[in-house]
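# Results of the structural survey
For reference, the chains in residue letters:
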Amino acid sequence: MSKSASRARLLEIIRRRSFGRGEVTLASGRKSDFYFNLKPTMMDPEGATLLAELTYEALKDEGFDYIGGLEMGAVPLAGAIAQISWIKGHPIAAFFVRKKPKEHGAKLAIEGLTRDETLAGKRIVVVEDVTTTGGSAMKAVETLREAGANVSLVFTMVDREEGAAETFAAAGLPFRALYKAREFL
């Protein structure tokens, strides 16, 4: 399937499985009359594959060492993208950032690395399922920067176009989206 055909098919899947109308309160606290819940698309075999393939194709030539982001939205995305990257012969390792470090076990804020791995000095892309103001992704960025990572891009599946671009620009971070909310409205 061509890239444009894959993109059109994924838009259909997101519209059917993950887009809805009706008043909701977003993670940012804002009210909206439409919403995206990408989990049903991320858990669908075809949807997960298309999200991973299209994201991989958008990122493959940029030399990223790792891909990941804040739990929960980034977890299935990062895992699927890492798998596709291995299959395509250009591996990008995955991780995720906990909203709050576990209070038991290793008490890690960043998961997915072995004891001798570090994100310090590595080129990182933060991935997110849906972005509104950018606040959730910035939590991951702050944790990653504290770990010495070079966060080089924030990439979202759907940009609601409600302030994230400005948030990331103010933080000196490039920001790109697979889709814009207006494509569904």
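Residue positions within a chain follow its written sequence, with the count starting from 1. Since the coordinates come from a predicted model, pLDDT governs what is reported: local features require at least 70, and pairs of side-chain atoms require 80 or more to be given and counted, while whole-chain, interface and lining totals use all residues. Only heavy atoms go into the side-chain values, all of them from the structure, while hydrogens and water stay out.

Selection criterion: UniProt positions are given in the numbering used here, feature names are shortened, and annotations may be inferred rather than shown by experiment.
Named according to UniProt, the chain is Orotate phosphoribosyltransferase originating from Bradyrhizobium sp.. UniProt, in the comment section headed Cofactor, describes the chain in these words: "Mg(2+)". In its Pathway section, UniProt records this for the chain: "Pyrimidine metabolism; UMP biosynthesis via de novo pathway; UMP from orotate: step 1/2."

### Some details on the environment of A165
Here is the rule we go by: Secondary structure elements are defined from DSSP: runs of H or I of at least 4 residues count as helices, runs of E of at least 2 residues count as strands, and each element is numbered from the N terminus.
Along the polypeptide, A165 turns up in helix α6 (residues 164-170). Between the C-alpha atoms of A165 and A177, which are 12 residues apart in sequence, the distance is 9.9 Å.

### Describing the nonpolar core
In globular proteins that are soluble, nonpolar side chains generally tend to be buried together. The criterion, for reference: For our purposes a nonpolar core is just a set of buried Ala, Val, Leu, Ile, Met, Phe, Trp, Tyr and Cys residues, chained together by side-chain atoms within 4.5 Å. For every residue, the accessible area obtained with a 1.4 Å probe (protein chains only) is divided by the maximum for its type, and the residue is called buried under 20%, exposed over 50%, and partly exposed between those limits. Residues count as neighbours in contact if any of their non-hydrogen atoms are within 4.5 Å of one another.
Grouped together as the largest cluster of nonpolar side chains are 35 residues, with contacts concentrated most on L10, F36, L38, I67, M157, L178 and Y179. If you list the elements that add at least two residues to this core, you get α1 (3-17), β2 (31-36), α3 (45-59), α4 (74-87), β6 (123-131), β7 (150-159) and β8 (175-180). Sequence-distant contacts of I67, that is, excluding residues within four places in its chain, are made with L59, A78, I81, I92, A93, A94, F95, V125 and V127. By size, the runner-up hydrophobic cluster in this structure holds 20 residues, among which are L70, V97, I110 and A140.

### Section: the packing of α1 against α3
Heads up, the condition is: Convention adopted: a line fitted to C-alpha atoms gives each axis, helices being fitted over their contacting stretch, and angles between N-to-C directions are expressed from 0 to 180 degrees. An angle below 35 degrees is treated as roughly parallel, one above 145 as roughly antiparallel, one from 65 to 115 as roughly perpendicular, and anything else as oblique. We call a crossing left-handed when the near helix sits turned anticlockwise from the far one by less than a right angle, and right-handed when that turn is clockwise.
Contact pair α1 / α3: the axes reach a minimum separation of 10 Å and the direction vectors enclose 135°. As judged from the angle between their axes, α1 and α3 are oblique. When the axes of α1 and α3 are compared, the crossing they make is left-handed. Residues K3, S6, R7, R9, L10 and I13 of α1 form the contact with α3, whose own contacting residues are E46, G47, L50, L51 and L54.

### Looking at the packing of aromatic side chains
The condition that has to hold: Pairing of aromatic rings covers Phe, Tyr and Trp, the last through its six-membered ring, and needs centres within 6.5 Å; plane angles under 30 degrees mean stacked, over 60 mean edge-to-face, and all others mean tilted.
In total, this model carries 8 aromatic pairs according to the counting rule given. Taken together, a centroid distance of 4.8 Å and an interplanar angle of 45° make the contact between F168 and F175 tilted. A residue is classified by how much of its surface remains accessible, and F175, at 18% relative accessible area, is buried. With a centroid separation of 5.7 Å and 65° between ring planes, the pair formed by Y179 and F184 is classed as edge-to-face.

### A few points about the environment of V151
Relative to the assigned elements, V151 resides in strand β7. According to the relative accessible area criterion, V151 is buried, its value standing at 8%. As a C-alpha pair, V151 and V125 span 26 residues in sequence and 6.0 Å in three-dimensional space. Every residue in contact with V151, bar those within four places of it in the chain, is listed here: I124, V126, V141, L144, R145 and L173.

### Quick word on the pairing of strand β1 (residues 19-25)
The test is simple: Paired strands, as defined in this entry, are two strands with at least two bridges between them according to DSSP.
As paired elements, β1 and β2 share 5 bridges and run antiparallel to each other. Within the sheet, the bridge partner assigned to R21 lies in β2 and is F34. Following β1, the chain reverses through 5 residues before pairing antiparallel with β2; G29 in that reversal takes a positive phi of roughly 95°.

### With respect to α1
Which entries qualify depends on this criterion: In a helix, the anticipated span is given by 1.5 Å times the number of residues less one.
Over its 15 residues, α1 extends 21 Å from the first C-alpha to the last, a length consistent with the 21 Å expected when each residue adds 1.5 Å. Those residues of α1 hidden inside the fold are in contact with β1, β2, α2 (39-42), α3 and β8.

### Comments concerning the sheet that holds β8
Here 6 strands make up an open sheet; going across it, the order is β5-β4-β3-β6-β7-β8 and the pairing mixed. Either end of the sheet is taken by a strand with one partner, and the two such strands are β5 (110-111) and β8. Relative to β7, β6 is paired through 8 bridges, and the arrangement is parallel. Across the sheet, R123 pairs through a bridge with N150, a residue of β7. Lying over the sheet, helix α5 (residues 135-146) contacts β3 (66-70), β4 (93-97), β5, β6 and β7, oriented at roughly 160° with respect to β6.

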